[in-house]
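So you can see what is in the structure, the chains are spelled out below.
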Amino acid sequence: MSTPATVPISFSNPFPSPQPSPSGFAHSSRPKNGFKGTNSTFIRSSDGLPVQHATIKGWQGEGGDGREVLFGFYTKERTVIWVELGGKSKDQLAKFQFSTYPTALSINAHTSSSERIDLLIGFQTGDILWMDPMISKYTRLNKGGMITSSPITSLHWLPGTDNHFLSTHMDGTLLIWDKDRDDTTTFSPSSTSPTAISLSPKPTAIHSAVQVGGTSDEEGVREPIVTRMGAQAADKKQILLAMKCNPLSHWKISKKPILNAAFAPDRHRLATVGEDGCLRIFDIATEKLLDSYASYFGGLTTVCWSPSGRFLVTGGQDDLLTIYAPSEQRLVARCPGHSSFVSAIAFDPYRCDEDERTLRFASVSEDCKVIFWDLNNAALQRPKLQHHAVSRRYSGHSTLSLTLTRRRTTESTTHLPLHHHHEAKEPTYHPSLRRDTTNTLLPTLVKQISNDLLVSLFFHQNFLLTLSRAGQIKLWSRPSTSSADVERPLPPQAKPAVMEAPMLQRRNTERGRDAGHSLGLMQRTSVVDSVA
């Protein structure tokens, strides 16, 4: 398998010193095996551990300056690197080297504090390492691919829990784990054929006229094949034994790799994207498929929910961002601007209205660009073929519902959804529509900020962070509210509708091994250029 040099960065929850462990998680289990003195051939080295006691005390506020602490973990080849972001020092806190390639990272934001960091690392071999660098200990799950040997593509803690998480894999599966359970050699996923939702009657002529995505409707509406641990147990003894072993459940979702997943803020819905070009939305509690949407072209690589869960944005190999309103089962707009595969998307929670009538988000791509987008009614451009026969029949929205016939032709798609709490009753497959029948959202700002491929971004109150595939982290300051502080304002490529467009500023910096420039984005701080 070809492994990228860097996977998207993961962050510990920012916390002001001091702050104890969150209520309910203070007595949660911790990893058992120490890095120091380990004889594991899987772990080659753990430079920087254990962390100096004086350093930890400073983070916890004992003699510290009370500043906010933000940690970052990212991979570079076979190494996971731990850094403090925005701090005074630009040195690495620790570096972990393994015998195989790490491919995914995830930090439990609900348990992160000045006392603990629950970090998951997924590997090319299917292994999962749960570690806490604050106490220099780890536990290894799925050792040697005992349960599944398929490479891990992403890891995600289940929201609000301290012990459950899920992994997505190259073989199109999703597994749910308990970090406190043991591995088992007796688990065997079900081979039962997946249940397909009825698609008849099928409007063949219209379907062929508007579908351009690569996912077939039959694949897009298949329920996942779910195998639960203990379901095949023959007696009570086997059931009790199964209750102590991983995985909690095994989902077969697609024949092609599942590349990423994201939980909605309501904690109930899970969105997955993959190489089959299909966005699927599941109810994690009932393990049922709610909806699926086909990409315009090729696979989907990233997915992100808006802060309240009203909107969902995907990006992929079609160089487009696509905005959906899942509660209304429709596509809101497509966003052209990138010239290569989209790597990551993030909403700026500090620039989104409470009712989400105006939202700001950003994306990075393999074209080395960061693009800012402002989503509101005024910014949406109407489709060119709004009065075409096809778009009249489907009202310009991208939901070609083959089971929900209650939608009327008078429904408009040139506005943002108003019915936030409306939920669909039945799952529906949504083939892709032609681009001239859907709304378009143009960029607010396009800026090339690197000569290396960009793989991740993260919004902080004081800065935007970007990560390149070579492992270079850059913190871009938000511009000052004073126009005198902005040295070189650049006009946005598209006129912003409501929000002030972000402006760019360059400032020389002497900090760090690689002195460079900073990119101002919206507000105040000076910059730390890079941690390479």
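Computed from a prediction, not measured in an experiment: that's the story for all the values here.

Calculation notes
- Residues numbered from 1 in each chain as written.
- Predicted model: local features only at pLDDT ≥ 70, side-chain atom pairs only at ≥ 80, totals over all residues.
- Heavy atoms only, no water.
- Helix = DSSP H or I, 4+ residues; strand = E, 2+ residues; numbered from the N terminus.
- Buried < 20%, exposed > 50% of the residue type's maximum accessible area, 1.4 Å probe, protein only.
- Contact = heavy atoms within 4.5 Å.
- Areas by Shrake-Rupley, 256 points an atom, 1.4 Å probe, with all protein chains shown as cover.
- Pairing = 2+ DSSP bridges.
- Salt bridge = Lys/Arg side-chain N within 4 Å of Asp/Glu carboxyl O.
- Polar contact = N/O pair within 3.5 Å; in protein donor to acceptor, adjacent residues only side chain to side chain.
- Core = buried A, V, L, I, M, F, W, Y, C linked by side-chain atoms within 4.5 Å.
- Axes fitted to C-alpha atoms, helices over the stretch in contact; angles between N-to-C directions.
- Phe/Tyr/Trp six-rings, centres within 6.5 Å; stacked < 30°, edge-to-face > 60°.
- Lys NZ or Arg CZ within 6 Å of the ring centre and 35° of its normal.
- pLDDT = per-residue confidence, 0-100.

### Considering the overall build of the protein
If you tally the helices and strands in the protein, you get five helices and 35 strands. Each of the 532 residues in the protein was classed as buried or not, and the buried ones make up 57%. Sequence separation of at least 24 residues holds for 63% of the intrachain contacts in the protein that already meet a minimum separation of 6. Counting only carbon and sulfur atoms, one obtains 49% of the accessible surface of the protein, whose full area is about 22300 Å².

### Description of the pairing of strand 18 (residues 258–263)
With six of six residues buried, strand 18 is to be regarded as a mostly interior element. Here strand 18 folds back onto strand 19 (residues 269–274) in antiparallel fashion, the turn holding five residues, of which R267 has a positive phi close to 70°.

### A closer look at the pattern of salt bridges
With the rule as written, the count across this model stands at 13 salt bridges. Between R330 and E328 there is a salt bridge; the shortest N-O distance is 2.8 Å. The buried category is assigned to E328, whose relative accessible area is 6%.

### With respect to the environment of D291
Structurally, the position occupied by D291 is in strand 21 (residues 288–294). Residue D291 is classed as buried on the basis of its relative accessible area of 3%. A sequence separation of 139 residues divides D291 from H430, and the C-alpha atoms of the two residues are 7.9 Å apart. There is a polar contact of 3.0 Å between the side chain of D291 and the backbone nitrogen of T428.

### Focus on the sheet that holds strand 3 (residues 33–34)
One open sheet holds the five strands; their spatial order is 3-12-11-10-9, and the pairing between them is antiparallel. Two strands bound the open sheet, and with one partner strand each, they are strand 3 and strand 9 (102–107). The sheet contact formed by strand 9 and strand 10 (residues 119–123) spans five bridges and is antiparallel. By the bridge assignment, A104 is partnered in strand 10 with G122.

### Here's the deal with the nonpolar core
Within the largest apolar cluster, 25 residues are counted, with the highest numbers of intra-cluster contacts made by W59, F73, W82, F96, F98 and I121. Every element with two or more residues in this core is listed here: helix 1 (53–60), strand 6 (71–76), strand 7 (79–84), strand 8 (94–98), strand 9, strand 10 and strand 11 (128–132). When sequence neighbours within four positions are dropped, the list of residues in contact with F96 reads F35, S45, S46, L49, R78, T79, V80, W82, M131 and P133.

### Comments concerning unusual backbone geometry
The linkage connecting L49 with the following residue, P50, adopts the cis geometry, with an omega of -5°. With respect to the helices and strands, P50 occurs in the loop between strand 4 (43–47) and helix 1. In this model, N246 is joined to P247 through a cis peptide bond whose omega is -5°. Mapping P247 onto the fold places it in the loop between helix 4 (236–242) and strand 17 (249–252). The backbone of S136 sits at a positive phi, close to 60°, despite the residue not being glycine. In this fold, S136 is placed in the loop between strand 11 and strand 12 (137–141). Despite not being glycine, C368 shows a phi value in the positive range, around 70°.

### Observations regarding the sheet that holds strand 34 (residues 463–468)
Read across the open sheet, the three strands follow the order 33-34-35; overall the sheet is antiparallel. Across the chains shown, the open sheet's two edge strands, defined by having one partner strand only, are strand 33 (454–459) and strand 35 (473–477). Across the sheet, the mean angle from the axis of one strand to that of its neighbour is 20°, orientation sign disregarded. With five bridges connecting them, strand 34 and strand 35 associate as antiparallel partners. By the bridge assignment, T466 is partnered in strand 35 with K474.

### A look at the packing of aromatic side chains
By the definition in use, this model includes 14 aromatic pairs. The interplanar angle of 75° and the centroid separation of 5.4 Å between the aromatic rings of F71 and W82 together place this pair among those described as edge-to-face. Note that F71 is positioned in strand 6 and W82 in strand 7, a separation of 11 residues in sequence. By the burial criterion, F71 is buried, and W82 matches it. Their ring planes at 10° and their centres at 6.3 Å tell us that F165 and W177 sit as a pair that is stacked. Of the two residues, F165 is situated in strand 14 (residues 164–169) and W177 in strand 15 (residues 173–178); the sequence distance between them amounts to 12 residues. Judged by relative accessible area, W177 falls into the buried class, the value being 0%. Among the aromatic residues, those joined into a cluster by ring pairs are F35, F96 and Y138. The ring of Y296 has R435 sitting right over it, with the charged end atom 5.7 Å from the ring centre.

### Focus: the confidence of the model for the protein
Here the protein averages 75 in pLDDT, and 66% of its residues register 70 or above. Contacts from residues 13–21, a stretch scored under 50 in pLDDT, to residues over four places away or in other chains number 33 contacts. Below a pLDDT of 50 lies the segment residues 418–422, which in the model reaches 11 contacts outside its immediate sequence neighbourhood of four places, other chains included.

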